[in-house]
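# Summary of structural features
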Amino acid sequence: MKKLLTLEINGERFDVAVSPATFLVDVIRETVGLTGTKKGCGIGDCGACTVLIDGRPTLSCLTLAVACTGKSITTIEGLSRGTELHPVQQAFIDKGAIQCGYCTPGMILSSTALLAENPSPSEEEIKHGLAGNLCRCTGYVKIIEAVKHAAETMAKEAK
Amino acid sequence: MHGEPFGYEKPASLREFESLFAERGEDAKILAGGTDLFVLIKERLLAPRLLIDISDLPELRGISYDPGEGLTIMAGTKVAEIERSALVREHAPALAFAAANLGSNQVRWMATMAGNVCHASPAAETPPVLLAHGCELVIGTPGGERTLPISEFFLAYRKTALQAGEYLKAFRLPPLPARSAVAYQLRGLRRAMEIDMLNMGIYLELAADGVTVSDIRLAMGSVGPVTYRARGTEQRLKGMRLGEEFMAAAGAGVAEEATPIDDMRASAAYRNRVIGVLARRGLEQCLEQIGKGRGEA
Ligand SMILES: Cc1cc2nc3c(=O)[nH]c(=O)nc-3n(C[C@H](O)[C@H](O)[C@H](O)COP(=O)(O)OP(=O)(O)OC[C@H]3O[C@@H](n4cnc5c(N)ncnc54)[C@H](O)[C@@H]3O)c2cc1C
Ligand code: FES
Ligand code: FES
């Protein structure tokens, strides 16, 4: 039996009817139609489905949609301010940290959560924070550079 | 990839949870972070009729310390909170280290230590440290609670001592006596996001003379169907004096009591060699910490 629920995604409220066994990633992509969030392995290993729930990086493939009522969900579409990209998004572009782009939304959300907690992470801390996001294309070097670069830009902006 | 459909309930209080669990416990599964449960459901290894979500119950969250009782970690506390807790870092640094090694950042923000322990995988990250600490489990029973040493909790592969209607409520880590320390050692194939090939929790306590071993616990993971202590070796090591003979006996003892199997992660012979090395490194780490503690005192 389907349940009616309200999800808050990127500050907007969506009323959806879903079965309790539906995972958040499918509701975000198929019911709500925000396809920035990717689905890779479906069992927690790749991080492509990462979203922020109340600011915490969360795997939407292992989270039930019904469990998310009353929480604030951020997907990659919620990071930019109008047409202005979030500094982490801009840094990924500037540093060439994107190739096919499949891992990118999850990578950027994990990086955003990392920087919110630790505004100037060391390389080790970046690796620890991003270990749950797999990239088959870039070899990670440019991704790490992008996160460092984003940290610098955000520090300047904060001044 | 989806399993059978299931129902979902999210009680708003511990009391509401307890009555629902008492009523529906037989065909229900507790849902904490879901990082083990949903993998099993998606792989069709499990098909519960009902999931009872305890992840936001305020009564099951939090970490506290009392000089008499030690560290109390409520069952629903996230692994990421344990990793970051100043209390855990101070009173159980090896547990903070084990927590930081569990899965990825996303997994740690979802997962609970209760889920890690109740899933009862022999390769799990936190049980060896909890065994080394001599942790007591607070178990919620229909209408009350009981405590059980964690050394009596793991009965067989993925089987625990929880009875029908019971759930894990809290972990209690008694305060560490003077001249004692706990270490965690692990060995995997890559650095993050993997199932350990071997892991070990080590507790060492020295007598007032600073050289005689007065107590020791050696808890091994991934060398048998459950995480367990090398009790025979512990007995033989008690009363020995520190030194090469003691270290060699510890390494040889755990290798003898380990009963690993060959699997895709490593051969049994290799595990047997490495477990001895982990014991030695863990004991050295304990000695270093005990030394530091004395320097400060
Ligand atoms: C990508 C990935 C990587 C992982 N890496 C690791 C790793 O490196 N090391 C490791 O040890 N594990 C790892 N795991 C396994 C898993 O994340 C952990 O075991 C985790 O701690 C489980 O906690 P949970 O809250 O998600 O449990 P859940 O999946 O919610 O529950 C697990 C089991 O425990 C039961 N349960 C939960 N809470 C209670 C309670 N309070 N009382 C009674 N029963 C309860 C549930 O009913 C279920 O049977 C990984 C998982 C994934 C998906
Ligand atoms: S799709 Fe969720 S972790 Fe791979
Ligand atoms: S850019 Fe292709 S997977 Fe990362």
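Residues numbered from 1 in each chain as written. Chains lettered and ligands numbered in written order. Predicted model: local features only at pLDDT ≥ 70, side-chain atom pairs only at ≥ 80, totals over all residues. Heavy atoms only, no water.

## A look at the overall build of chain A
Within chain A, the regular secondary structure consists of 5 helices and 5 strands. Walking chain A from its N terminus toward its C terminus, one meets helices and strands in the order β-β-α-β-β-β-α-α-α-α. For 159 residues, the compact-globule formula gives about 15 Å, and the C-alpha radius of gyration of chain A, at 16 Å, lands near that figure. On the principal axes, the C-alpha backbone points of chain A span a range of 50 × 35 × 25 Å. By sequence separation, contacts in chain A at least 24 residues apart represent 54% of the contacts at least 6 residues apart. Within chain A, the 17 negative side-chain charges are centred at a point lying 2 Å from the centre of the 16 positive side-chain charges. (Helix = DSSP H or I, 4+ residues; strand = E, 2+ residues; numbered from the N terminus. Rg over C-alpha atoms; globule rule 2.2 N^0.38 Å. Contact = heavy atoms within 4.5 Å. Lys, Arg positive; Asp, Glu negative; His and termini not counted. Charge placed at Lys NZ, Arg CZ, Asp CG, Glu CD.)

## Here we look at the pattern of salt bridges
One pass over the structure, following the stated rule, counts 17 salt bridges over all chains. Between Asp56(B) and Lys71(A) there is a salt bridge, with the nearest N and O atoms lying 2.8 Å from each other. Pair noted here: Asp56(B) is in the loop between strand 3 (50–53) and strand 4 (63–66) and Lys71(A) is in the loop between strand 4 (56–59) and strand 5 (72–74), and the two residues belong to different chains. For Asp56(B), a relative accessible area of 35% puts it in the partly exposed group. Residue Glu234(B) is joined to Arg229(B) by a salt bridge in which the shortest nitrogen-to-oxygen separation is 2.7 Å. Across this residue pair, the class does not change: Glu234(B) and Arg229(B) are buried. Salt bridges sharing common partners tie together Glu117(A), Glu83(B), Arg84(B) and Arg108(B). (Salt bridge = Lys/Arg side-chain N within 4 Å of Asp/Glu carboxyl O. Buried < 20%, exposed > 50% of the residue type's maximum accessible area, 1.4 Å probe, protein only.)

## Observations concerning the sheet that holds strand 2 (residues 28–31) of chain B
All names here are of chain B. Taken in spatial order, the 3 strands of this open sheet run 1-3-2, and their pairing is parallel. In this open sheet, the two strands that pair with only one neighbour each are strand 1 (7–9) and strand 2. With strand direction ignored, the average angle separating the axes of adjacent strands in the sheet is 25°. Across 3 bridges, strand 1 lies against strand 3 in parallel orientation. Following the sheet pairing, Gly-7 is matched in strand 3 by Leu-50. (Pairing = 2+ DSSP bridges. Axes fitted to C-alpha atoms, helices over the stretch in contact; angles between N-to-C directions.)

## As for the domain arrangement of chain B
By a widespread convention, an interface's size corresponds to the accessible area lost as its parts come together. Each assigned domain of chain B is listed with its residue range as follows: domain 1 (7–52), domain 2 (60–173) and domain 3 (180–291). Taken over C-alpha atoms, the centre of domain 1 of chain B sits 36 Å from the centre of domain 3 of chain B. (Domains from an automatic or database assignment.)

## Some thoughts on the sheet that holds strand 12 (residues 198–206) of chain B
All names here are of chain B. An order of 11-12-13-14 is seen for the 4 strands of this open sheet, with the pairing classed as antiparallel. Bordering the open sheet on either side are strand 11 (180–187) and strand 14 (228–229), each of which pairs with just one other strand. Examined bridge by bridge, strand 11 and strand 12 share 8 bridges and lie antiparallel to one another. Considered in strand 12, the bridge of Gln-185 is made with Met-200. In the packing of helix 10 (residues 244–257) onto the sheet, the strands contacted are strand 12, strand 13 (213–221) and strand 14, and the crossing angle to strand 13 comes to about 35°.

## Remarks on unusual backbone geometry
Most peptide bonds are trans, and most residues other than glycine sit at a negative phi. Residue and element names in this part refer to chain B. Even without being a glycine, Arg-44 presents a positive backbone phi close to 60°. Structurally, the position occupied by Arg-44 is in the loop between helix 2 (37–42) and strand 3. Its relative accessible area of 54% is what places Arg-44 among the exposed residues.

## Some details on the interface of chain A and chain B
Chain A puts 32 residues into the contact, and the matching count from chain B is 30 residues. Summed over both sides, the interface between chain A and chain B buries roughly 2,500 Å², with carbon and sulfur atoms accounting for 60% of that surface. Seen at the junction of chain A and chain B, the total is 2 salt bridges. Between Arg84(B) and Glu117(A) there is a salt bridge, and its shortest N-O distance comes to 2.3 Å. (Buried area = accessible area lost by both parts, 1.4 Å probe.)

## A look at the packing of helix 2 (residues 87–94) of chain A against helix 5 (residues 141–158) of chain A
Residues and elements named next belong to chain A. Look at helix 2 against helix 5: their axes get within 8 Å of each other, and the N-to-C directions meet at 135°. Taken together, helix 2 and helix 5 sit at an angle that is classed as oblique. Relative to helix 5, helix 2 is oriented so that their crossing is right-handed. For the pair helix 2 and helix 5, contact is made by Pro-87, Val-88, Ala-91, Phe-92 and Asp-94 and by Ile-143, Ala-146, Val-147, His-149, Ala-150, Met-154 and Glu-157, respectively. (Parallel < 35°, antiparallel > 145°, perpendicular 65-115°, else oblique. Left-handed = near helix turned anticlockwise from the far one by under 90°.)

## Points about the packing of aromatic side chains
All chains considered together, the criterion is met by 6 aromatic pairs over all chains. When the centroid spacing of 6.3 Å and the interplanar angle of 25° are considered together, the rings of Phe6(B) and Phe38(B) count as stacked. Of this pair, Phe6(B) sits in the segment before strand 1 while Phe38(B) is found in helix 2, placing the two residues 32 residues apart along the sequence. Residue Phe38(B) is classed as buried on the basis of its relative accessible area, which comes to 1%. A centroid spacing of 5.3 Å and a plane angle of 20° characterise the contact between Phe17(B) and Phe21(B), whose relative ring orientation is stacked. Residue Phe17(B) and its partner Phe21(B) are located together in helix 1 (residues 14–24), separated by 4 residues, close to a single helical turn. What makes Phe17(B) buried here is its relative accessible area of 0%. For Phe21(B), a relative accessible area of 8% corresponds to the buried category. Following the ring pairs from residue to residue traces out a cluster consisting of Phe23(A), Phe6(B) and Phe38(B). The cationic tip of Lys42(B) hangs over the ring face of Phe23(A); the distance from NZ or CZ to the ring centre is 4.2 Å. (Phe/Tyr/Trp six-rings, centres within 6.5 Å; stacked < 30°, edge-to-face > 60°. Lys NZ or Arg CZ within 6 Å of the ring centre and 35° of its normal.)

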